[in-house]
Amino acid sequence: MTNLINKIDTWIFDLDNTLYQADSGIFQQVHELMGKFIEKHLKIDINKAKEIQKKYYKLHGTTLRGMMDNHGVDPDYFLEEVHKLDYSIVGPNKLLNEQLSKLNGRKIIYTNANMQHVLSVLKQINLSNFFDEIFDIKMANYIPKPEIKPYEQIINKFNINPSSSAMFDDIAKNLVPAKKVGFTSVWIDAGYENFSDDIKSSTSYLDFKTSKLDSFLKDVNKGVI
Ligand SMILES: [Mg+2]
């Protein structure tokens, strides 16, 4: 098998829990704010709100999509409210940034979050202006991963050749459509149980697995993967 460094010219990265550690606490903050948003918007108690949050995340891919489809929530307003975060708790990973900059070709961010969140995180991890393209949930018409449509959209929009592209994500089921459209798939096993993920049925779609993106990319750059 050809080394990734020779095969891949387009590197597609998820953002949250992929380009920074899952234990940073950022996602916990988002989850809290989503629960509170639902509580306030639907005028129900917080425990019920958290149940709905989980249910929609599982059924619709994102809580946002469930809130849009079932309650007509304005997506931009929702995303603005749930991303009022303390970003200071996330910091740069020097090794990761070094290895990212050694990769030849285009680097793209593909996230279910919104642009404001992406830019805030990138600033914190010292990767502002590093990526060639950012594809956020608004550009995907609020259709989240793992629905296949936005993957096809990315290919067209950025003129991507799937056979020379690799996608990295911490949610295994997001890599199923990635593999189906022809990307090489790399699962970042972030070491936490994501209740919406379905690792078992996704396994055969995962070309590579790693618990550390930085050392994985170091091996890619050395030509050993
Ligand atoms: Mg993620």
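Residues numbered from 1 in each chain as written. Predicted model: local features only at pLDDT ≥ 70, side-chain atom pairs only at ≥ 80, totals over all residues.

Chemist: Looking at this model, I keep getting lost on the overall build of the chain. Mind explaining?
Modeler: In terms of regular secondary structure, the chain is built from 11 helices and six strands. Taken over the C-alpha trace, the chain has a radius of gyration of 17 Å; the compact-globule value for 225 residues is 17 Å, and the two agree within 12%. Seen through its principal axes, the chain has C-alpha atoms that stretch 55 × 35 × 30 Å. Residues classed as buried in the chain amount to 39% of the 225 residues present. In the chain, the share of contacts with a sequence separation of at least 24, taken over all contacts with a separation of at least 6, comes to 65%. (Helix = DSSP H or I, 4+ residues; strand = E, 2+ residues; numbered from the N terminus. Rg over C-alpha atoms; globule rule 2.2 N^0.38 Å. Buried ≥ 20, exposed ≤ 12 C-beta atoms within 10 Å, placed from the backbone. Contact = placed C-beta atoms within 7 Å.)

Chemist: Quick question: what am I supposed to make of the domain arrangement of the chain here?
Modeler: Accessible area lost on assembly of the parts is the figure often given for the size of an interface. By domain assignment, the chain separates into domain 1 (4-21 + 91-222) and domain 2 (26-82). Distance from the C-alpha centre of domain 1 to the C-alpha centre of domain 2: 24 Å. Across the contact, 11 residues belong to domain 1 and 12 residues belong to domain 2. (Domains from an automatic or database assignment.)

Chemist: Quick question: what am I supposed to make of helix H7 (residues 115-124) here?
Modeler: Quick reminder: α-helices carry 3.6 residues per turn. Residues three or four places apart thus point the same way. Among the residues of H7, those classed as buried are His117, Val118 and Val121. Mapping the buried residues of H7 onto a view down its axis gives an arc of 100 degrees, with all of them on the same face. On its buried face, H7 is in contact with strand S2 (106-110) and strand S3 (133-135). Just beyond H7, the residue with positive phi is Asn126, at close to 60 degrees. (Arc of directions from axis to C-beta.)

Chemist: Just to check I follow, could you spell out the packing of helix H3 (residues 46-60) against helix H4 (residues 63-71) for this structure?
Modeler: Helix-helix packing: each pair is described by the crossing angle between the helix axes and the interaxial distance. Between H3 and H4, the least distance of the axes is 7 Å, while the angle of their chain directions is 95 degrees. Relative to H4, H3 is oriented roughly perpendicular. Contacts between H3 and H4 pair Gln53, Tyr56, Tyr57, Leu59 and His60 from the former with Thr63, Arg65, Gly66, Met67 and Asp69 from the latter. Here the contact of H3 with H4 is composed, by residue class, of four nonpolar, four polar and two charged. (Axes fitted to C-alpha atoms, helices over the stretch in contact; angles between N-to-C directions. Parallel < 35°, antiparallel > 145°, perpendicular 65-115°, else oblique. Nonpolar A, V, L, I, M, F, W, Y, C, P; charged D, E, K, R; others polar.)

Chemist: What exactly am I supposed to notice about the environment of Gly223 here?
Modeler: Tracing the chain through its elements places Gly223 in the segment after helix H11 (213-222). Residue Gly223 is classed as exposed on the basis of its C-beta count, with 10 C-beta atoms lying within 10 Å. Expressed as a C-alpha distance, the spacing of Gly223 and Glu133, which sit 90 residues apart in the sequence, is 25 Å. Excluding residues that lie within four positions of it along the chain, Gly223 makes contacts with Asn3 and Ile5.

Chemist: Can you help me understand the pairing of S2 in this one?
Modeler: Where strand S1 (residues 10-13) lies against S2, four bridges are found, and the strand directions are parallel. Across the sheet, Trp11 pairs through a bridge with Lys107, a residue of S2. Direction of pairing for S2 relative to S3: parallel, over a ladder of three bridges. Bridging from a neighbouring strand, Ile108 pairs with Glu133 of S3. At this point the chain moves from S2, through H7, to the parallel S3, and the crossover so formed is right-handed. (Pairing = 2+ DSSP bridges. Right-handed = clockwise from strand over helix to strand, strands pointing away.)

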